[in-house]
Amino acid sequence: MKILIVDDHTVVRDGVRRLVEALPATAIAEAETPSEALAEFRKFRPDVTILDINLKNGSGLDALRRLRADDPKAKIVVFSMYSDIVYAASARRDGALGYVSKSAPTDELLVAIEKALVGETYVDSETTALMARHESSEGGTKELSRRELQILHMLGEGKSLTDIAQGLGVAYKTIANTSSRMKEKLGVDRTSDLVRFALESKGGRMLDRERP
């Protein structure tokens, strides 16, 4: 079994290496930037890639999309400092089989790797609980309306709520209220989380549905 560890912190890579070395017949490669990840992926052709979200010189989610574009069958487990449904949803949408927070017990990462090997999905228990709570809450994570997607896209372009209200020719309060509903649907608390979600979703199908 070949495993590629992509993380910009040496101590994290060392820790993951020690953990996965316990698995049978494991060969390990490492990378710390998106470009290194793609180069090593092409050379090493790992069975599973363990990928951090925060990387030097780029986003791990962007790296995820690049790896999947290179090999649509790539088996990737995102290993993130965030126990966050926004990041988890982005990672799953972009093709990751697993999502594990770095605060989760170490055995959950091993479970995610083992499941990824056979093409099964896995999300750590803490993030799964967060997702379940938001799914069961009023509004939950149901799809955003076309107008909400339009506002999300504008947030991703760096526009403020005031800019968006002016651009759409509506009252600021209307946009603020819509923003609040979007937060409920996506299970986030702050407008900055909406911006982050929009940025991580750029190039994905979700925002494409907003365009004519």
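Note that the structure is predicted; figures quoted are calculated from it, not measured.

Caption draft 1: Structural context of the overall build of the protein. What the protein contains, in helices and strands, is eleven helices and eight strands. By sequence separation, contacts in the protein at least 24 residues apart represent 63% of the contacts at least 6 residues apart. Counting every atom, the protein has about 10200 Å² of accessible surface; 51% of that belongs to carbon and sulfur.

Caption draft 2: Structural view of the sheet that holds strand E1 (residues 2–6). Spatially, the six strands line up as an open sheet ordered E2-E1-E3-E6-E7-E8, and their pairing is parallel. The sheet is open, and its two edges are formed by strand E2 (27–31) and strand E8 (122–123), each paired on a single side. One ladder, built from four bridges, connects strand E6 (residues 76–80) with strand E7 (residues 98–101); its direction is parallel. Looking at the pairing, Val 78 lines up with Tyr 99 of E7. Helix H1 (residues 10–20) contacts E1, E2, strand E3 (48–51) and E6 of the sheet and is inclined by roughly 165° relative to E2.

Caption draft 3: Highlighting the nonpolar core. Membership of the largest hydrophobic core comes to 24 residues, with the highest contact counts inside it found for Val 6, Leu 51, Leu 64, Val 78, Ala 91 and Tyr 99. Listing elements by their share of this core, those giving two or more residues are E1, E2, helix H2 (34–44), helix H3 (60–70), E6 and helix H4 (85–93). In contact with Val 6, other than residues within four places in its own chain, are Ala 31, Thr 33, Ala 37, Thr 49, Ile 50, Leu 51, Asp 52 and Leu 55.

Caption draft 4: Structural detail: the environment of Leu 55. Tracing the sequence through the fold places Leu 55 in strand E4 (residues 54–55). Taking the relative accessible area as the measure of exposure, Leu 55 reaches 9% and is therefore buried. Taking the C-alpha atoms as reference points, Leu 55 and Ala 31, separated by 24 residues in sequence, lie 9.7 Å from one another. Apart from residues no more than four positions distant in its own chain, Leu 55 is found in contact with Val 6, Asp 7, Asp 8, Glu 32, Thr 33, Pro 34, Gly 60 and Ala 63.

Caption draft 5: Spatial organisation of the pairing of E6. Taking burial as the measure, the five residues of E6 include five buried ones, the bulk of the element. The alternating pattern of E6 places Ile 76, Val 78 and Ser 80 on one face and Val 77 and Phe 79 on the opposite face, and all of these are buried. One ladder, built from three bridges, connects E3 with E6; its direction is parallel. For Thr 49, the partnering residue across the bridge sits in E6 and is Ile 76.

Caption draft 6: Highlighting the packing of aromatic side chains. Under the criterion given, the structure shown has zero aromatic pairs. If you follow Lys 2 out to its NZ or CZ, it ends over the ring of Phe 44, 5.3 Å from the centre.

Caption draft 7: Layout of H2. All of the buried residues along H2 are Pro 34, Ala 37, Leu 38, Glu 40, Phe 41 and Phe 44. Residues of H2 that are buried make contact with E1, E2, E3, E4, strand E5 (58–59) and H3. After H2 finishes, the residue Arg 45 shows a positive phi value of roughly 45°.

Caption draft 8: The arrangement of unusual backbone geometry in detail. For Arg 45, which is not glycine, the phi torsion reads 45° and is therefore positive. Tracing the chain through its elements places Arg 45 in the loop between H2 and E3. In this structure, Asn 57 is a non-glycine residue whose phi angle is positive, near 60°. Position of Asn 57 among the secondary structure elements: in the loop between E4 and E5. Asn 57 gets classed as exposed once you look at its relative accessible area, which sits at 74%.

Each value, and the rule that gives it
Residues numbered from 1 in each chain as written. Predicted model: local features only at pLDDT ≥ 70, side-chain atom pairs only at ≥ 80, totals over all residues. Heavy atoms only, no water. Helix = DSSP H or I, 4+ residues; strand = E, 2+ residues; numbered from the N terminus. Contact = heavy atoms within 4.5 Å. Areas by Shrake-Rupley, 256 points an atom, 1.4 Å probe, with all protein chains shown as cover. Pairing = 2+ DSSP bridges. Axes fitted to C-alpha atoms, helices over the stretch in contact; angles between N-to-C directions. Core = buried A, V, L, I, M, F, W, Y, C linked by side-chain atoms within 4.5 Å. Buried < 20%, exposed > 50% of the residue type's maximum accessible area, 1.4 Å probe, protein only. Phe/Tyr/Trp six-rings, centres within 6.5 Å; stacked < 30°, edge-to-face > 60°. Lys NZ or Arg CZ within 6 Å of the ring centre and 35° of its normal.

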